[in-house]
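Residue-level structural notes
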Amino acid sequence: MDRLKSVFDEFVSRHGIGVALFISLTVLVWVLVLIALPQVAMLDYSFRHNLSPQDIGGPQDVYTLSNYGFFLFRDGSGTNTLDMGVLGKTILASVLVTIIDVIVCYPIAFILAHSATGVAARLMILGLIVPFWVNEILRAFAFRVIFGATGLINGVGMSLGFWDVPIDFIRANVALYSGLTYTYILLMVFPIYNAVEALDRNQIEAAQDMGASWWRVHWRIVLPVAKPGIASGATMVFMLTAGALAAPQILGGPSNLWFTQLVYQWFSDAGNWQRGSAYAAILLVTCLGFVLLMMKVFKVNIGAIGR
Amino acid sequence: MTKDVALDHVTIRFGSHTAVDNALLTIQGGEFFSFLGPSGCGKTTLLRCISGFIEPTEGRVLIGGNDMRRVGPNKRPTALIFQNLALFPLMSVAENIAFPLEVRGVGRKERRRRADELLDLIALPGVGDKKVYELSGGQRQRVAIARALAVEPDILLLDEPLSALDLKLRHHMRTELRSIQKRVGLTFIYITHDQGEALTMSDRVAVMSAGVVQQIDVPEVIYDRPRTAFVASFVGETNAISGKVASQSGGDVVVDTPIGMLPGRASGGRSYAPGDIVTLFIRPEQLAVGEAANAPSISCTVVKEEFEGSVRNLFLEDKGIPLRLSRVNSGSEGAPLVPGQVVKASYNPEKAWALPATPEA
């Protein structure tokens, strides 16, 4: 609290009381009303029974762990392997998408920061931003068209004679992974670009001059500098991928359920907001825990991500 | 261990701009060789060409007699020390120094041993585990040298490595660099725009201007017997008096200047025809107040006198032509001169050089 006060005092002395009050109020509203309260409300929901309107506030309206229990044991009829499996698969798939994004975006960010100049650089940045102009649903359907049985890729592949029977990219989840990877490319490129751009080009040349091969230059010189950027980008991409709904809904194969789809089903199809909230909380906590674990494994601290 | 570096008619062009024009010289193994010139004269380009980051547009770079065309910087027996040193900030000092060994697959223990050895060599024992940012400017400088030496190069290339240091440290590092070079016995090729560095450290100096090597010689000759007007005016302070050649006999020239007929020497065995436009260069310390036997003198007006510690700089003027005279502040130079006073300034014509006014290619 003392530190907060000193930060505020310093802000006042630098920008004046008016600006300071405006900023602190908006930040307060943002954090409290838009972030904290809805989450708290959802958390509160997740510990309640799904009651009919007339029972709300009545004697039956007590806190319960049954919604979380359902995720673990269904209705007491053994372990809920189905839902847990979906969660596990969602996390794994999100990790895969994140890894693909790192592999794709690291070279892009490096070239953007150290090789591309003028028109080429501007075209590259434009090319990265344009995907965000297209509506997410539209983009997902576009990928369906490209990867469908009669889609562009099957059409070209078959007419060139690479394969005879249409490949089911949708069932194999190629379309889903491609779509998710493509969607979050920008969120990976920019943090890495930010980190790598600060690298002094002489350091690369110095390493080369001392005999370092191309891959060693990257492994020892560029990658350590890019690490906070990769961590920041990976966190964002992972979180957003695990929380994606439209892309799995439209591009996912028939057998592939995303955990967000379960949440959606509880809210919308089953009308059980309490259980939906519990499932959403489970997803959030699992993802957070996973990210923190990964940060520990890769020795990244939160401060580095904020940079 | 040491190898010659030969530049065989090296020309480097960037588009229509010629950065280095037909450089032809040989640097002996074990020599401390400097390229001296103002920024933009092509000296850094030439250094990057020797280290392999730039290929010559024409001509060849030979190291130890081998043509270096299409041999990358990592395959050449050279190590380059960058102007900003380019130490790796995320590695410790020892890791920095041992990086060239790591590249070659030397084991961890052996790397550390070599790094400590090199730290001893540069007189910085025990800092191996520090981070680069914990060192002072001069220490970083030496670490960069140690890292370059870990490459075990035949030739060390230094790109103005002292320019970021403060004056005192710069002077100290001159001595330090020279003594490290003597100790390791390698060829040092040094790039600088600071004539003091070039003259004090080097065995030989090449003075460059606009991509052209103007003169290559030992520091004394560069200073005392400049061969081009650029060298005369860039290296050290000088008085430049333009005029026309009146007569020449052997190496002695008489130049007809606005302030009288002044004798001097024709540099580099040049022969002038009467009427050729030349510039006569006389160093401030070659001018003396008063007349002397067998010495030409110029009578001029005192403008001001500046005290600079070890020397006094006397600013003189005659018919609009400024002259500068410096005399050692030994205390025996007599009464101070007052502005407006008319004095005679004499000089030794053996140390005055008549050089063609237009820079020669």
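Residues numbered from 1 in each chain as written. Chains lettered and ligands numbered in written order. Predicted model: local features only at pLDDT ≥ 70, side-chain atom pairs only at ≥ 80, totals over all residues. Heavy atoms only, no water.

A word on the overall build of chain A. What chain A contains, in helices and strands, is 15 helices and zero strands. The proportion of buried residues among the 307 residues of chain A is 38%. Taking all contacts inside chain A whose residues are at least 6 apart in sequence as the whole, residues at least 24 apart take part in 63%. Roughly 17400 Å² of accessible area belongs to chain A as shown, and the carbon and sulfur atoms make up 71% of that amount. Separation between the mean location of the 18 positive side-chain charges and that of the 17 negative ones in chain A comes to 6 Å. (Helix = DSSP H or I, 4+ residues; strand = E, 2+ residues; numbered from the N terminus. Buried < 20%, exposed > 50% of the residue type's maximum accessible area, 1.4 Å probe, protein only. Contact = heavy atoms within 4.5 Å. Areas by Shrake-Rupley, 256 points an atom, 1.4 Å probe, with all protein chains shown as cover. Lys, Arg positive; Asp, Glu negative; His and termini not counted. Charge placed at Lys NZ, Arg CZ, Asp CG, Glu CD.)

Once that is clear, we can look at the UniProt feature "domain: ABC transporter" (unreviewed entry) in chain B. Mapped onto the present numbering, the UniProt feature "domain: ABC transporter" (unreviewed entry) falls on residues 5-235 of chain B. Taken end to end, residues 5-235 of chain B is 37% helix and 26% strand, and its first and last C-alpha atoms sit 25 Å apart. (UniProt positions renumbered as here; feature names shortened; annotations may be inferred.)

A residue-level look at chain A finds 98% of positions with pLDDT of 70 or above and a mean pLDDT of 86. Looking at the elements of chain A, mean pLDDT is at its lowest for helix α15 (residues 302-306) of chain A, recorded as 67, and at its highest for helix α11 (residues 214-242) of chain A, recorded as 91. (pLDDT = per-residue confidence, 0-100.)

Attention now goes to the domain arrangement of chain A. The domains assigned to chain A are domain 1 (1-43) and domain 2 (84-306). On a C-alpha basis, the centres of domain 1 of chain A and domain 2 of chain A stand 33 Å from each other. (Domains from an automatic or database assignment.)

Residues and elements named next belong to chain B. Counting buried positions along strand β3 (residues 32-36) yields five of five residues, so the element is predominantly enclosed. Of the two faces of β3, the one holding Phe32, Ser34 and Leu36 and the one holding Phe33 and Phe35 are both buried throughout. One ladder, built from five bridges, connects β3 with strand β8 (residues 187-192); its direction is parallel. From the neighbouring strand, Phe35 faces β8, where its bridge partner is Ile191. Sheet topology places β3 next to strand β9 (residues 204-209); four bridges connect them, and they run parallel. Its bridge partner being in β9, Phe33 is matched across the sheet by Arg204. (Pairing = 2+ DSSP bridges.)

Now for the packing of helix α3 (residues 66-73) of chain A against helix α14 (residues 273-297) of chain A. Residues and elements named next belong to chain A. The N-to-C vectors of α3 and α14 enclose an angle of 65 degrees; their axes lie 8 Å apart at closest approach. The pairing of α3 with α14 is recorded here as roughly perpendicular in orientation. Between α3 and α14 the crossing geometry is right-handed. Contacts between α3 and α14 involve Ser66, Asn67, Tyr68, Phe70 and Phe71 from the first element and Gln274, Arg275, Ala278, Tyr279, Ala281 and Ile282 from the second. Looking at side-chain class alone, the contact of α3 with α14 contains seven nonpolar, three polar and one charged residues. (Axes fitted to C-alpha atoms, helices over the stretch in contact; angles between N-to-C directions. Parallel < 35°, antiparallel > 145°, perpendicular 65-115°, else oblique. Left-handed = near helix turned anticlockwise from the far one by under 90°. Nonpolar A, V, L, I, M, F, W, Y, C, P; charged D, E, K, R; others polar.)

What follows concerns the sheet that holds strand β11 (residues 239-249) of chain B. Residue and element names in this part refer to chain B. Here we have five strands rolled up into a closed barrel, ordered β11-β12-β13-β20-β14, and mixed in their pairing. Across the sheet, the axes of successive neighbouring strands diverge by a mean angle of 55 degrees, strand direction being ignored. Two elements, strand β13 (residues 260-266) and strand β20 (residues 353-356), share two bridges in a ladder whose sense is parallel. Following the sheet pairing, Ala266 is matched in β20 by Ala354.

Residue and element names in this part refer to chain B. Across five bridges, the pairing between strand β1 (residues 5-14) and strand β4 (residues 58-63) is antiparallel. Following the sheet pairing, Val5 is matched in β4 by Ile63. Two strands pair when backbone bridges link them, and β4 and strand β5 (residues 66-67) are joined in this way by two bridges, in the antiparallel orientation. Bridge assignment links Leu62 to a residue of β5, and that residue is Asp67.

So, about unusual backbone geometry. Peptide bonds are mostly trans, and most non-glycine residues show a negative phi. Residues and elements named next belong to chain B. Backbone geometry at Arg70 places phi at a positive 60 degrees, although glycine is not the residue there. Counting through the fold element by element, Arg70 comes out in the loop between β5 and β6 (78-81). Classification of Arg70 as exposed rests on a relative accessible area of 72%. Despite not being glycine, Glu160 has its phi angle at roughly 45 degrees, a positive value.

Our focus in this paragraph is the environment of Trp219 of chain A. Residues and elements named next belong to chain A. Mapped onto the elements, Trp219 comes out in helix α11. For Trp219, a relative accessible area of 54% puts it in the exposed group. A sequence separation of 193 residues divides Trp219 from Thr26, and the C-alpha atoms of the two residues are 43 Å apart.

With that settled, consider the nonpolar core. Ranked by size, the top nonpolar core spans 114 residues in total, and within it Ile192 of chain A together with Leu7, Phe35, Ile97, Phe99, Leu156 and Ile189 of chain B carry the most contacts. The dominant element in this core, judged by the number of residues it contributes, is α11 of chain A, at eight residues. Ignoring any residue separated from it by four or fewer positions in sequence, one finds Phe99 of chain B in contact with Ala207, Met210, Ala212, Arg216, Arg220 and Ile221 of chain A together with Phe88 and Met91 of chain B. Of all hydrophobic cores here, the second largest spans 26 residues; its members include Ile282, Leu325, Leu337 and Ala352 of chain B. (Core = buried A, V, L, I, M, F, W, Y, C linked by side-chain atoms within 4.5 Å.)

Residues and elements named next belong to chain B. Read across the sheet, five strands follow the order β15-β19-β16-β17-β18 without closing on themselves; strand pairing throughout is antiparallel. Two strands bound the open sheet, and with one partner strand each, they are β15 (287-289) and β18 (321-328). Sheet twist, expressed as the average angle between the axes of neighbouring strands with direction ignored, equals 45 degrees. In terms of strand pairing, strand β16 (residues 297-307) meets strand β19 (residues 342-347) through five bridges, oriented antiparallel.

Under the local residue numbering, the UniProt record ascribes the feature "domain: ABC transmembrane type-1" (unreviewed entry) to residues 87-294 of chain A. As a span, residues 87-294 of chain A carries 77% helix and 0% strand, and end to end its C-alpha atoms are 17 Å apart.

The next point concerns the pattern of salt bridges. Taken as a whole, this structure holds 28 salt bridges over all chains when the rule is applied. Each of the salt bridges in this network shares a partner with another, and the network as a whole consists of Glu110, Arg113, Arg114, Glu117 and Glu152 of chain B. (Salt bridge = Lys/Arg side-chain N within 4 Å of Asp/Glu carboxyl O.)

A word on the side chain of Thr241 of chain A. For Thr241 of chain A, the position within the fold is in helix α11. By relative accessible area, which is 0% here, Thr241 of chain A ends up buried.

Taken together, the 16 residues of chain A in the interface contact 23 residues of chain B. Both faces combined, the contact of chain A with chain B buries some 1700 Å², and carbon together with sulfur accounts for 57% of it. Ranking the residues of chain A by area buried against chain B places Asp209, Met210 and Arg220 of chain A at the top, with a combined share of 40%. Scanning the region where chain A abuts chain B turns up four salt bridges. With a closest N to O distance of 3.5 Å, Glu102 of chain B and Arg216 of chain A form a salt bridge. Linking chain A with chain B are eight residue pairs in polar contact (both at pLDDT 80 or more). Contributing elements (two or more residues each) for the side of chain A that touches chain B: α10 (201-209) and α11 of chain A. (Buried area = accessible area lost by both parts, 1.4 Å probe. Polar contact = N/O pair within 3.5 Å; in protein donor to acceptor, adjacent residues only side chain to side chain.)

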